[in-house]
Amino acid sequence: MERHEGSNAAHSSMSWVWPLVIAVMVWAMPVRMAEAADIGDVFEDAELRSSAQSFAERLKSPFLPSDDEPLVTDRPDFTEASSVVPRGRVQLESGYTFVHDRSAGIESTAHAVPQFVWRIGMTERVEMRIVWDAGYLFEREVDRGAGTVTKQSGGTDMDLGVKVALSKQDRWIPETALIATLSVPTGADEFRSHKTQPRSNFLYSWDLNDKVSLACSTGLAGLRDGDDNFVFVHQSASIGISLTDKLGMYTEWFVHAFSGADVGAPQHYADGGLTYQFTPNFQVDWRIGFGLNEHADDLFTGVGYAIRW
């Protein structure tokens, strides 16, 4: 998590309001689906009632059997999937992350929620993406030497973009896809970039057999922190294993590198986690990771879910 100096963002900006409204809508969605289950009861006409019930069933589809392709998610690992959401389907992936770091007498913690991405299948090869990757941040920093405590919170910028499927796997040639996004300066003052920032991520993966897969990503972004512009590069490799039809696990390495930023050395991480699919369209996950060098955060962990309509 990127750390900043400053006071509580809620006192300096109202830009967090509409992202927070979206977050509430995201978490309230299961309630609305439950209410929709009885929508057909309000219609006396048989045809209208049948149509309304059909619509309600589609809203409940994450909890029903599916004839679609298997549910493949971008979370919980850092490496995003090289496949796209099926055409005409909508997939929500959301979660919570806790980060802890201690360095040079300063202890930092951060909580991020709801960290969502809406993935909308537009064609067989293209999905639209609405991303709030860092979500709403709650940060706390304790300087043991100075005896000070700094707290701040606020919404981060959102991203809008697309993922394009490029190729299917052909023996040793991987399945590939490309993500292209632009950030939208919607965050609080302490977390806002104040201008759009381009990002790209090239994804490539192999199914090694029926149980094991290897996925990698290579990303590039042009970022801005205050008056400073710098380039962010990342690389990752993740091994996924299907333990049962419903239970999966992964282990992963990834690195963040910066050019022209205050962070001089790359940040290396290792993480792993579990996924469990309750239905073909609903999955929950857990992950935990550790920094592998002094420039990386010491620990991060989190939980989340993915749901498809």
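Scroll up for the structure.
This one's a predicted model, so the numbers in the text were calculated from it and none came from an experiment.

### Thoughts on the overall build of the chain
When you go through the chain residue by residue, the secondary structure sums to two helices and 15 strands. Here the chain holds 309 residues, and 42% of them are scored as buried. Residue pairs at least 24 apart in sequence account for 56% of intrachain contacts in the chain once pairs closer than 6 positions are excluded.

### Details of the pattern of salt bridges
Where charged atoms of side chains with opposite charge meet at close range, the side chains can pair. Inspection of every chain in the model, using the stated rule, returns 13 salt bridges. Its salt-bridge partner being Arg75, residue Asp285 comes within 2.7 Å of it at the nearest N-O pair. With Asp285 in strand S14 (residues 282-291) and Arg75 in the loop between helix H2 (46-59) and strand S1 (90-103), this residue pair connects regions lying 210 residues apart in the sequence. Judged by its relative accessible area of 6%, Asp285 falls in the buried class.

### Examining the nonpolar core
By size, the foremost hydrophobic cluster in this structure holds ten residues: Leu92, Phe116, Trp118, Trp132, Tyr136, Met158, Phe282, Tyr305, Ile307 and Trp309. Looking at this core, the elements with two or more residues in it are strand S3 (116-121) and strand S15 (299-308).

### Side note on the pairing of S15
The buried count for S15 comes to seven of ten residues, which makes it a mostly enclosed element. Note that S1 and S15 share ten bridges and pair antiparallel. Considered in S15, the bridge of Gln91 is made with Arg308. Where S14 meets S15, nine bridges bridge the pair, whose relative direction is antiparallel. The residue of S15 that forms the bridge with Gly289 is Phe300.

### Topic: the side chain of Ser94
With respect to the element layout, Ser94 can be found in strand S1. Separated by 2.7 Å, the side chain of Ser94 and the backbone oxygen of Pro114 make a polar contact.

### Here we look at the packing of aromatic side chains
As enumerated under the stated definition, the model contains twelve aromatic pairs in all. Ring centres of Phe254 and Phe300 lie 6.3 Å apart, and the angle between their planes is 55°; this geometry places the pair in the tilted category. Remark: Phe300 occurs in strand S15 and Phe254 occurs in strand S12 (residues 247-259); sequence separation between them is 46 residues. Through a chain of ring-to-ring contacts, the aromatic side chains of Phe78, Phe254, Tyr269 and Phe300 assemble into a single cluster.

### Things to note about the environment of Asp159
Here Asp159 shows up in strand S7 (residues 158-167). Asp159 sits 21 residues away from Ala180 along the chain, and the two C-alpha atoms are 9.7 Å apart. Residues within four places of Asp159 in sequence aside, it is in contact with Arg129, Ile130, Val131, Thr181, Leu182, Ser183, Val184 and Arg199. For Asp159, the side chain forms a polar contact with the side chain of Arg199, separated by 3.4 Å.

### Concerning the side chain of His256
Positionally, His256 belongs in strand S12. Taking relative accessible area as the criterion, His256 reaches 15% and is therefore assigned buried. Apart from the residues within four sequence positions on either side, His256 is in contact with Phe78, Phe232, Val233, His234, Pro266, Gln267 and Tyr269.

What counts, and where the lines are drawn
Going along each chain's sequence as written, the residues are numbered from 1 onward. Local features in this predicted model are restricted to residues of pLDDT 70 or higher, and side-chain atom pairs are both shown and tallied only at a pLDDT of 80 or more, whereas totals for entire chains, interfaces and linings draw on every residue. Only hydrogens and water are set aside when side-chain values are computed; all heavy atoms of the structure are taken into account. Strands here mean DSSP runs of E at least two residues long; helices mean DSSP runs of H or I at least four residues long; both are numbered from the N terminus. Here the term buried applies to any residue with accessible area under 20% of the maximum for its type, exposed to any over 50%, and partly exposed to those in between, with areas from a 1.4 Å probe on protein chains only. Throughout, a contact is declared for two residues whenever any of their heavy atoms are within 4.5 Å. The rule for a salt bridge is simple: a side-chain nitrogen of Lys or Arg has to be within 4 Å of a carboxyl oxygen of Asp or Glu. To qualify as a nonpolar core, a set must consist of buried Ala, Val, Leu, Ile, Met, Phe, Trp, Tyr and Cys residues joined through side-chain atoms within 4.5 Å. Two strands form a pair only when DSSP identifies at least two bridges running between them. Throughout this description, a polar contact denotes any pair of N or O atoms lying within 3.5 Å of each other; where both atoms belong to protein, one of them has to be capable of donating a hydrogen while the other can accept it, and for residues adjacent in sequence the pair is counted only when both atoms sit in side chains. Any two rings among Phe, Tyr and Trp, with Trp reduced to its six-membered ring, count as a pair given centres within 6.5 Å; such a pair is stacked if its planes are under 30 degrees apart, edge-to-face if over 60, and tilted if neither.

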